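A structural walkthrough
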Amino acid sequence: MEWQPDEQGLQQVLQLLKDSQSPDTATQRAVQEKLEQLNQYPDFNNYLIFVLTSLKSEDEPTRSLSGLILKNNVKAHYQNFPPAVADFIKRECLNNIGDPSPLIRATIGILITTIASKGELQTWPELLPQLCNLLNSEDYNTCEGSFGALQKICEDSSELLDSDALNRPLNIMIPKFLQFFKHCSPKIRSHAIACVNQFIIGRAQALMDNIDTFIESLFALAGDEDCEVRKNVCRALVMLLEVRIDRLIPHMHSIIQYMLQRTQDADENVALEACEFWLTLAEQPICKEALSGHLVQSNVFLYRLIPILVNGMKYSEIDIILLKGDVEEDDNVPDSEQDIKPRFHKSRTVTLQHEGGEGEEGEDIDEDEDDDDDTLSDWNLRKCSAAALDVLANVFRDELLPHLLPLLKGLLFHPDWVIKESGILVLGAIAEGCMQGMVPYLPELIPHLIQCLCDKKALVRSIACWTLSRYAHWVVSQPPDAHLKPLMTELLKRILDGNKRVQEAACSAFATLEEEACTELVPYLSFILDTLVFAFGKYQHKNLLILYDAIGTLADSVGHHLNQPEYIQKLMPPLIQKWNELKDEDKDLFPLLECLSSVATALQSGFLPYCEPVYQRCVTLVQKTLAQAMMYSQQPDQYEAPDKDFMIVALDLLSGLAEGLGGHVDQLVARSNIMTLLFQCMQDTMPEVRQSSFALLGDLTKACFPHVKPCIAEFMPILGTNLNPEFISVCNNATWAIGEICMQMGVEMQPYVALVLPHLVEIINRPNTPKTLLENTAITIGRLGYVCPQEVAPMLQQFIRPWCTSLRNIRDNEEKDSAFRGICVMIGVNPGGVVQDFIFFCDAVASWVNPKDDLRDMFYKILHGFKDQVGEENWQQFSEQFPPILKERLSACYGV
């Protein structure tokens, strides 16, 4: 007997569906309660499917809503549906997938996919064969409905479909989909391509077996009149470029011709998909060969592509409306909260200084391509064109310029602001790739851009900020009066612009300029601080967060030069006022704490008057978060999980205080329970918490070791367990902290050598270990050997070679000094351990610019000892292998 609804029950369900469309909150609440009651009845879900599939007398939105409520029930508790109910729902779905209404068909498709994704693909074996059979139906609605459902299943379960778990249904499905590329309905053609597209990136075997048919079928659709079909064809070619460029190379000429057309497609969605092609192509290692082999030269290709990309970089009319491009002054309008993107705190990682520059920050390249359009944070043609031009500039370098410079001139001086604005964006996009070739033009371009900072259009002013920041490195390399001073003066005015987008762009650009200029800014500090402090009173919520960043970066860049009473007087009162206004639960504390951490490190003793309340609050934040985490782990239904970012940021600020205040932090630590809290944080489940804990442990070890020492016996096993390179940053900070502890413990480190040394030796020998981790590991091994040579020296042979290669590029500093002393002492204990790799040791010694006298003596003794040991003749043969520069340095510095 088929299930039949009871009339009274049906009316109740319909009333509920009507009520749930009411905007009134009280009604909505009642609906929620009613839903919870009805969910107690097993056949409530039968009513919902009945309304969706069979109650044709009802209006479509109500029927669809019934299906969506059912979908939510399936998501929440499908495993509790009685088998009879589940079977009834599945049957009804398949019998009605061809409903005449597109809305109902789509709703049934979503419902089918949701059931399938609940692990039901395995237990609903007839689903895929039936849907595939229904594709053959003469009835358009049935074919389209089935395809819609299949497309959603392919999107949700692509990996499962390509596995043995289901007997590899793709072997049948993919050839089937390919047949429909020729269907007379554009909607069906589009579904068919979209289904196959789901399997490109995963390289599904069934698709790879049919790859040539697929590519031919795509080519056949190149001229399709339907824009959805064209979009899916472009999307397929972009993905194939990543996965099977080998199959595209033979057709590259025609694909490029096609994509050049499509990038100018009247439909912006098609143009955007096509534009992705250039971005992906430029990122392929064989980009240059792919192009030059199949086009007379890359010249012809660039000649055609560049004007198209440049044209795509103009704001569309829609963009300008959305960006309120005609609103010039809006800095009195408060921000709406949803405009403010969540901020993620990047935990502290300890890095070393390198020769020729600051700590290497290569690992977190900002994708800030054109970050002036935040409000249109969705990807669009303008952003994609700019990104493609940026990547192409990095591939073709100055070969790009002959095609670009003639265009640029026309753009940059154009009377129409929209075109002029796009020209400034172009100039910024090529900054990285074409810097060499642009240098001759910069002396006249930079003043023009600085003038654009005063343009009457806010969108021109904001993009000029961004582009100038991309050339900051060059600006700083020139005499300060030439460009740095005028640029800084104008940027500071823009920081106080009446338009919020300009304020934001200027603040970000200024932060970049600070990073490049560093101490060059010292003469202007008073002027800079006046501006930044004035902005405090002027900015709305969102830009305040960026202002904190600009102040933090300033402190990082000028360091102790900030420690002057007049500067402290300007800067600290507004920061502390904000600090007092914010509650412990307010996420705005993140950027403010980050900023204060930089300021404390820079001000050093100058921060003393402010340190106590700041320190206390950080400890409280850590304590509160730990307590909340504890309550949540014991009673997850009673308590919310804490936001551990509060704890991470607080730990990082404590690190900044310890680093800035040094020994002055002693009193604060003595009066708090920070060591107990640290013991818990070091064992937290979240890697970022552990990462920041170990950074703080290292900083406290340097600043006030007597408070750390009593805990060492408990801390060392935890440090040992965290020498796990799967969590790079945690491992890095734990390694660094162990090195700092060695220097304080001295010979008392002995009992702990066996806990950590095997891990360190393993890490330094691992292939593909990031540079920062290698360097810190080498320093710590050296320090461990310095304090416990008898225990470490026997393993010398196992690490000497990677040890030498990883430290040769580090600047002379305390850490390098102690590590090299350690190696020298170990070579004294176990000279045999270095014999086979002595050339690497020579190279590492030569990397010192000026070692302290007693360290130089140690080097001298080892080099001469080795030379005497092997004899003049063997030494001559040995030193023949040295590169000339190494030979010269050793002979000049050490007389060997």
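Fair warning: this is a prediction, and the values are worked out from it, not measured in the lab.

1. Re the overall build of the protein chain
A count of helices and strands for the protein chain gives 49 helices and zero strands. Burial status across the protein chain gives 56% buried among its 896 residues. Contacts in the protein chain between residues at least 24 apart in sequence constitute 75% of all its contacts with a sequence separation of at least 6. In the protein chain, which carries 73 positive and 124 negative side-chain charges, the distance between the mean positions of the two groups comes to 1 Å.

2. Observations regarding the packing of helix H32 (residues 565–581) against helix H33 (residues 589–603)
The N-to-C vectors of H32 and H33 enclose an angle of 150 degrees; their axes lie 11 Å apart at closest approach. The orientation of H32 relative to H33 falls into the category roughly antiparallel. When the axes of H32 and H33 are compared, the crossing they make is left-handed. Residues Ile 568, Leu 571, Met 572, Leu 575, Lys 578 and Trp 579 of H32 pack against Leu 589, Leu 592, Leu 593, Cys 595, Leu 596, Val 599 and Leu 603 of H33. Of the residues belonging to the contact of H32 with H33, the class tally is twelve nonpolar, no polar and one charged.

3. Quick notes on the pattern of salt bridges
Pairs may arise between side chains of opposite charge once their charged atoms sit close together. Going through the model one piece at a time under the given rule, you end up with 43 salt bridges. The residue Glu 872 makes a salt bridge to Lys 867 at a minimum N-O spacing of 3.9 Å. Exposure remark for Lys 867: the relative accessible area of 14% places this residue in the buried category. Counted as one network, the salt bridges with shared partners bring together Arg 461, Glu 490, Lys 493, Arg 494 and Asp 497.

4. What about unusual backbone geometry?
One can expect most non-glycine residues to show negative phi and most peptide bonds to be in trans. Of note in the backbone geometry, Arg 168 takes a positive phi value of approximately 50 degrees without being a glycine. Position of Arg 168 among the secondary structure elements: in the loop between helix H9 (158–161) and helix H10 (170–179). Of note, the phi angle at Arg 203 is positive, near 50 degrees, even though the residue is not glycine. Here Arg 203 lies in the loop between helix H11 (186–197) and helix H12 (205–209).

5. Considerations on the packing of helix H14 (residues 227–243) against helix H16 (residues 252–262)
Look at H14 against H16: their axes get within 12 Å of each other, and the N-to-C directions meet at 135 degrees. In terms of axis orientation, H14 runs oblique to H16. As for how H14 packs across H16, the hand of that crossing is left-handed. Across the interface between the two elements, Arg 230, Val 233, Cys 234, Leu 237 and Leu 241 of H14 pack against Met 252, Ile 255, Tyr 258, Met 259 and Arg 262 of H16. Residue composition of the contact of H14 with H16, grouped by class: eight nonpolar, no polar and two charged.

6. Some points on the packing of aromatic side chains
Going through the model one piece at a time under the given rule, you end up with 25 aromatic pairs. Ring centres 5.8 Å apart and planes at 35 degrees place the aromatic pair Phe 147 and Phe 177 in the tilted group. Of this pair, Phe 147 sits in helix H8 (residues 140–156) while Phe 177 sits in helix H10, and the two are 30 residues apart along the sequence. Considering the side-chain rings of Phe 820 and Phe 859, the 5.9 Å spacing of their centres and the 80 degrees angle between planes classify their relative orientation as edge-to-face.

7. A word on the environment of Lys 583
Mapped onto the elements of the fold, Lys 583 is located in the loop between H32 and H33. Relative accessible area serves as the criterion here: at 58%, Lys 583 is assigned to the exposed category. When neighbours within four sequence positions are excluded, Lys 583 is seen to be in contact with Leu 589 and Arg 617.

8. Overview of helix H29 (residues 500–517)
In this model H29 runs 25 Å from its N-terminal to its C-terminal C-alpha over 18 residues, within 8% of the 26 Å that 1.5 Å per residue would give. The backbone nitrogen of Arg 501 lies 2.9 Å from a side-chain oxygen of the residue at the head of H29, namely Asn 499. Cys 518 sits one or two positions beyond H29 and adopts a positive phi of about 45 degrees.

9. Brief notes about a nonpolar patch on the surface
Together, Ile 318, Ile 321 and Leu 322 line one region of the surface with nonpolar side chains, adding up to about 340 Å² of accessible area. Among the secondary structure elements, Leu 322 is positioned in helix H20 (residues 317–322).

10. Structural notes on the environment of Ile 712
Along the chain, the position of Ile 712 falls in helix H39 (residues 712–721). In this structure the C-alpha to C-alpha distance between Ile 712 and Arg 63, which are 649 residues apart in sequence, comes to 67 Å. Setting aside anything within four residues of it in sequence, one finds Ile 712 in contact with Phe 705, Pro 717, Ile 741, Met 745 and Tyr 752.

11. What to know about the nonpolar core
With 320 residues, the main nonpolar core has Phe 214, Trp 278, Phe 607, Met 749 and Trp 803 as its most contacted residues. Looking at this core, the element that brings in the most residues is helix H35 (residues 645–661), giving eleven residues. If we ignore the near neighbours within four places in the chain, the residues touching Phe 214 are Leu 178, Phe 181, Val 196, Asn 197, Ile 200, Leu 207, Ala 236 and Leu 240.

12. Considerations on the side chain of Lys 231
Examined against the element boundaries, Lys 231 turns out to sit in helix H14. Not counting residues within four places of it along the chain, the set of residues in contact with Lys 231 comprises Asn 269, Val 270 and Glu 273.

13. Description of the confidence of the model for the protein chain
Looking at the protein chain as a whole, the pLDDT averages 91, with 95% of positions reaching at least 70. This model gives residues 356–376 a pLDDT under 50, and the stretch forms 44 contacts once residues within four places in sequence are excluded.

14. Considerations on a negative patch on the surface
A surface patch of negative charge is lined by Glu 515, Glu 516, Asp 549 and Asp 556. Of all the secondary-structure elements, those providing two or more residues to the negative patch are H29 and helix H31 (541–558). Take Glu 516: it is sitting in helix H29.

15. Things to note about the environment of Met 173
As for its position among the elements, Met 173 is in helix H10. Once the C-alpha coordinates of Met 173 and Pro 129 are considered, the two residues, 44 residues apart in sequence, prove to be 9.0 Å apart. Ignoring anything within four residues of it in the chain, the contact list for Met 173 reads Leu 128, Cys 132, Leu 150, Cys 154 and Leu 161.

16. Focus on the state of the cysteines
Per the stated rule, a full pass over the model turns up zero disulfides. Unpaired in terms of disulfides, Cys 184 finds its nearest cysteine sulfur in Cys 143, a separation of 8.9 Å. Unpaired in terms of disulfides, Cys 611 finds its nearest cysteine sulfur in Cys 618, a separation of 11 Å.

Calculation notes
- Residues numbered from 1 in each chain as written.
- Predicted model: local features only at pLDDT ≥ 70, side-chain atom pairs only at ≥ 80, totals over all residues.
- Heavy atoms only, no water.
- Helix = DSSP H or I, 4+ residues; strand = E, 2+ residues; numbered from the N terminus.
- Buried < 20%, exposed > 50% of the residue type's maximum accessible area, 1.4 Å probe, protein only.
- Contact = heavy atoms within 4.5 Å.
- Lys, Arg positive; Asp, Glu negative; His and termini not counted.
- Charge placed at Lys NZ, Arg CZ, Asp CG, Glu CD.
- Axes fitted to C-alpha atoms, helices over the stretch in contact; angles between N-to-C directions.
- Parallel < 35°, antiparallel > 145°, perpendicular 65-115°, else oblique.
- Left-handed = near helix turned anticlockwise from the far one by under 90°.
- Nonpolar A, V, L, I, M, F, W, Y, C, P; charged D, E, K, R; others polar.
- Salt bridge = Lys/Arg side-chain N within 4 Å of Asp/Glu carboxyl O.
- Phe/Tyr/Trp six-rings, centres within 6.5 Å; stacked < 30°, edge-to-face > 60°.
- Expected span 1.5 Å × (residues − 1).
- Polar contact = N/O pair within 3.5 Å; in protein donor to acceptor, adjacent residues only side chain to side chain.
- Patch = residues over 30% accessible without salt bridge, like charges linked within 9 Å, V, L, I, M, F, W, Y side chains within 5 Å.
- Areas by Shrake-Rupley, 256 points an atom, 1.4 Å probe, with all protein chains shown as cover.
- Core = buried A, V, L, I, M, F, W, Y, C linked by side-chain atoms within 4.5 Å.
- pLDDT = per-residue confidence, 0-100.
- Disulfide = S-S within 2.5 Å.

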